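Here's the letter readout for the chains.
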Amino acid sequence: MAVKKAALACSVCGSRNYSITANKNRTQRLELNKFCKHCGKKTLHKETR
């Protein structure tokens, strides 16, 4: 089974700060509060494909 890579993008500035390995069987996109180095604060990061 292949592992798929995805990126987490900041919902405020749109920069892709984090990369994750995602299971192919997952249907919903991941949303986490992470620190954005460009905004300088914790913001919501959404999974991009």
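One can find the structure itself at the top, above this paragraph.
Predicted model only: the values in this text are computed from it and were never measured.

J.: Is there a simple way to think about the overall build of the chain in this case?
T.: The helix and strand tally for the chain stands at zero helices and four strands. In sequence order, the chain lays out its α and β elements as β-β-β-β. Based on the C-alpha atoms only, the size of the chain along its principal axes is roughly 40 × 15 × 15 Å. By residue count, 24% of the 49 residues in the chain fall in the buried class. Taking the contacts inside the chain whose residues are at least 6 apart along the sequence as the reference set, 32% of them involve residues at least 24 apart. Of the roughly 3800 Å² of accessible surface on the chain, 48% is carried by carbon and sulfur atoms.

J.: Explain the sheet that holds strand β1 (residues 4-10) here, please?
T.: Within a beta sheet, neighbouring strands are joined by backbone hydrogen bonds and run either parallel or antiparallel to one another. With antiparallel pairing, four strands are arranged side by side in an open sheet as β2-β1-β4-β3. Each edge of the open sheet carries a strand with a single partner, namely β2 (16-22) and β3 (31-36). Neighbour-to-neighbour, the strand axes of this sheet turn through a mean angle of 40°, independent of strand direction. Bridge analysis of β1 against strand β4 (residues 41-48) gives four bridges, and the strand direction is antiparallel.

J.: Sorry, what's going on with the environment of Lys 5 here?
T.: Following the sequence through the fold, Lys 5 ends up in strand β1. Given a relative accessible area of 70%, Lys 5 falls into the exposed group. Separated by 24 residues in the primary sequence, Lys 5 and Arg 29 place their C-alpha atoms 13 Å from one another.

J.: What is the right way to read the environment of Arg 16 from this model?
T.: Inspection of the secondary structure puts Arg 16 in strand β2. By relative accessible area, Arg 16 is classed as exposed at 59%. C-alpha of Arg 16 to C-alpha of Glu 47: the two residues are 31 residues apart in sequence and 9.3 Å apart in space. Beyond its immediate stretch of four places on either side in the chain, Arg 16 contacts Ala 7, Leu 8, Ala 9 and Thr 48.

What counts, and at which threshold
Residues numbered from 1 in each chain as written. Predicted model: local features only at pLDDT ≥ 70, side-chain atom pairs only at ≥ 80, totals over all residues. Heavy atoms only, no water. Helix = DSSP H or I, 4+ residues; strand = E, 2+ residues; numbered from the N terminus. Buried < 20%, exposed > 50% of the residue type's maximum accessible area, 1.4 Å probe, protein only. Contact = heavy atoms within 4.5 Å. Areas by Shrake-Rupley, 256 points an atom, 1.4 Å probe, with all protein chains shown as cover. Pairing = 2+ DSSP bridges. Axes fitted to C-alpha atoms, helices over the stretch in contact; angles between N-to-C directions.

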